[in-house]
Amino acid sequence: MEGQATPRTVHLDPNKRVLFLTKDLNLIRKQLYDGLDLRMEDLRMEDLLDDINTDVMTPAWVCFDHRPEDIAKNAYAGLMHNGLRVFSENALLNGNFEVIVSGQRKGTGSSRETAAQCERWAGIRIVIAASFAPIHERNNINLGQLMGDYSMLERLQNGEEIQLNEFTNKYDPVTKLILEHGGLFPFAQALNDGSIQLPPISTPFRPMTMAEKIIANNLVRQPVGQCVQPGDPVIVEVQGGYSHEFTTAQVHDFLSEEYGSDYSLPNPSKFAVFEDHLLYAHHNPKFIPFIDKVETLRRLQKEFQVHTKVRDYSAVDGVSPGICHQVAREEFIEIGDFIQATDSHTCMGGASNALTWGVGATEYANLISAGFTFVKVPESIRFNLVGNLHPGCTAKDVMLFILADHARKELTLNRSMEFGGSGLASLSIDERATLCNMATECSGRTGICEADDALIDWLISSQPHLSRSAQENKIIAPDEGAEYAGGIHTIDLSNIVPMVAHPGDPDKGIPSDPTNGAKISQIGDVSINIAYGGSCTAGKIDDISYYAQVCQAAKNAGLKVHDGVEFFIQYGSKHVKDVAVANGWHQLFLDVGVNIIDPGCGACIGAGPGVSTEEHQVTVSAINRNFQGRSGPGKLYLASPLTVAASAFTGKISSWHKELFV
């Protein structure tokens, strides 16, 4: 991970090229294989591909290689056209490109740093886009990648030299220093040896949002009571974090490379490893050739755990204790905590009135070795919930509405999504976790919910060792008059209707994306082949109760899962499964023909039962994102647990109501 200081002036190498990722995928092929060179001045922003997600840049199977130089060989392996890869193996490497250009919201989806690595190690040093998803942007910064806009590219293509500060002036002073030093590790080394000093915080006393207050409470080397505001670059202590077998190997390698094989962690008890993502990889035929690499990732994670003595949530006899985000909120996230982990759905912990978000492997390796992390205080957007949901709707429908409206307008981009209001009290803690979990689909920085007695009750029930009074004293509430750059938005839950996110049409440049919202009442008859209920988003106790509600109604009507449909339910944790067994839901699912899967990730990342295997297959799924190829080659509709279960018995996408089977 050794970086080099970035030159003070930036110009294009006349022997290198610029790659434009266009909505016309054939035009990309001509650049890759026919030597076509394009210029920014001849293109419009509308011609460029939007919402390029990290699954497209490095699909799950590419991440089975943990060394960046190997990952780069299959850069953009997930970009498909008419069933074929647009980027063949080594295409980006062999194209001799130093600049890559795309449209809006570059790098949406997973926090996987491999997406940024595949470009850097393929020779890309400048990334141009209309806007970037926040975690992907941060990963680029941590790797020392420069990001610019279209006008800057036009100037560069016209032979102009641009001062480095034009690329860095939009950032806070700390981020500028990171880029100038060539990435996070060389910056941290310079900070530790005293060759650079961080600027002081001068923010006066002010009302703060929940995210701002938690950051202020965890400031390092600052006076008690110091306030922060959006854009402040700060050093912050974290209360804990975790990685999983998809990411731990890189963390171990980076730390060994940076600090030597005998490196140690200052606070290992604060951190954990989970074996949850790849337990069922052998169920996907496309992953079978990579099982040896999967085993390597497991072995390296175990080496890391033994070496560092972090908490161990490995599988026992092939069964995982559960999905990291679910187990973390069940077992160690507390009110007011600041938690960082190597997965974009870390934000699910925000349901516990905590500040939680995902980071890349470089940032995680740095924070667990240093004991603190660098944060640019995010802006916030407030959602005041009022009213109550209709019986056929869940928090998933609320998020599909926000995705189709506020996120599509980029109101949530890189902002902390704060949830409160009288309507929040009508939602269970599990449902609040759904709201926070899907903040990352909104390209938000995180999601966080206000606390109440229901949360305290849930926490004490989940973690009996906690003190009620201590948790009550840690409650974080927004100050009156706090600033919300994204605005304050009222959502009447009684106006929410059952929704899906449709799969788009990637062959025509319309990406599969969670923001493709549509009312079920308006999509017509959509026959399905697979119904999947599970993932961190929809494998919680309340989600399982929703599946059980529909399955019980189907059983009472004498129904079983519809012919030609496979219905899968996967528990989010061992605790969730135990509750399902105790309540009789587990047996109920078996009675009506459901395929039950032990706790863990799976179909959500294409690594387990429930993935499509053919392009013609249609899936309705309660997972969080429907990017092309993420859960198999077929078309995938996102929906609520109630909709998924109802559709499994009707054979087509159907909203739930109690007379459905009458």
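Structure: above.
Notes on the structure follow. (Residues numbered from 1 in each chain as written. Predicted model: local features only at pLDDT ≥ 70, side-chain atom pairs only at ≥ 80, totals over all residues. Heavy atoms only, no water.)

1. Comments concerning the packing of helix H12 (residues 248-259) against helix H15 (residues 361-370)
Logical step 1: Remark: H12 packs on H15, axes separated minimally by 9 Å, with the N-to-C direction vectors making an angle of 60°. In terms of orientation, H12 lies oblique with respect to H15. Here H12 runs over H15; the crossing is right-handed. Residues Gln250, Val251, Phe254, Leu255 and Tyr259 of H12 touch H15, and the partners they reach there are Ala361, Thr362, Tyr364, Ala365, Asn366, Ile368 and Ser369.
Logical step 2: Partitioned by chemical class, the residues of the contact of H12 with H15 number eight nonpolar, four polar and no charged. (Axes fitted to C-alpha atoms, helices over the stretch in contact; angles between N-to-C directions. Helix = DSSP H or I, 4+ residues; strand = E, 2+ residues; numbered from the N terminus. Parallel < 35°, antiparallel > 145°, perpendicular 65-115°, else oblique. Left-handed = near helix turned anticlockwise from the far one by under 90°. Contact = heavy atoms within 4.5 Å. Nonpolar A, V, L, I, M, F, W, Y, C, P; charged D, E, K, R; others polar.)

2. Looking at the pattern of salt bridges
Logical step 1: All told, the structure shown has 40 salt bridges when counted by the stated rule.
Logical step 2: Asp51 is the salt-bridge partner of Arg105, the closest N and O atoms lying 2.6 Å from each other. Of this pair, Arg105 sits in the loop between strand E5 (97-101) and helix H5 (114-120) while Asp51 sits in the loop between helix H1 (25-33) and helix H2 (54-57), and the two are 54 residues apart along the sequence.
Logical step 3: One salt bridge in this structure joins Arg155 and Glu166, with 2.9 Å as the shortest N-O distance. With Arg155 in helix H7 (residues 150-157) and Glu166 in helix H8 (residues 164-168), this pair connects stretches of sequence that are 11 residues apart.
Logical step 4: A residue is classified by how much of its surface remains accessible, and Arg155, at 24% relative accessible area, is partly exposed.
Logical step 5: Through salt bridges with shared partners, a single ionic network connects Asp51, Arg105, Arg408 and Glu410. (Salt bridge = Lys/Arg side-chain N within 4 Å of Asp/Glu carboxyl O. Buried < 20%, exposed > 50% of the residue type's maximum accessible area, 1.4 Å probe, protein only.)

3. Structural notes on the sheet that holds strand E14 (residues 355-358)
Logical step 1: The parallel open sheet is built from five strands, whose spatial order is E12-E11-E10-E13-E14. Edge positions in the open sheet fall to strand E12 (311-313) and E14, since each of these has one partner strand only. Taking each pair of neighbouring strands and ignoring which way they run, the sheet shows an average axis angle of 20°.
Logical step 2: Packed onto the sheet, helix H14 (residues 324-331) meets strand E10 (240-244), strand E11 (271-274) and E12 and runs at close to 150° relative to E10. (Pairing = 2+ DSSP bridges.)

4. Observations concerning the sheet that holds strand E2 (residues 17-20)
Logical step 1: With parallel pairing, four strands are arranged side by side in an open sheet as E2-E5-E6-E7. If you trace the sheet from one side to the other, it starts and ends with E2 and strand E7 (146-148), each paired once. Adjacent strand axes in the sheet meet at a mean angle of 25°, parallel and antiparallel pairs treated alike.
Logical step 2: Pairing between strand E6 (residues 126-128) and E7: three bridges, direction parallel. Within E7, the residue paired with Ile126 across the bridge is Leu146.

5. Looking at the environment of Gly509
Logical step 1: Among the structural elements, Gly509 can be located in the loop between strand E20 (499-501) and strand E21 (517-519).
Logical step 2: Accessibility expressed as a relative area gives 10% for Gly509, which makes it buried.
Logical step 3: Remark: the alpha-carbon pair of Gly509 and Leu48, spanning 461 residues in sequence, is separated by 9.2 Å.

Everything listed here is a matter of geometry and, on its own, says nothing about what the molecule does.
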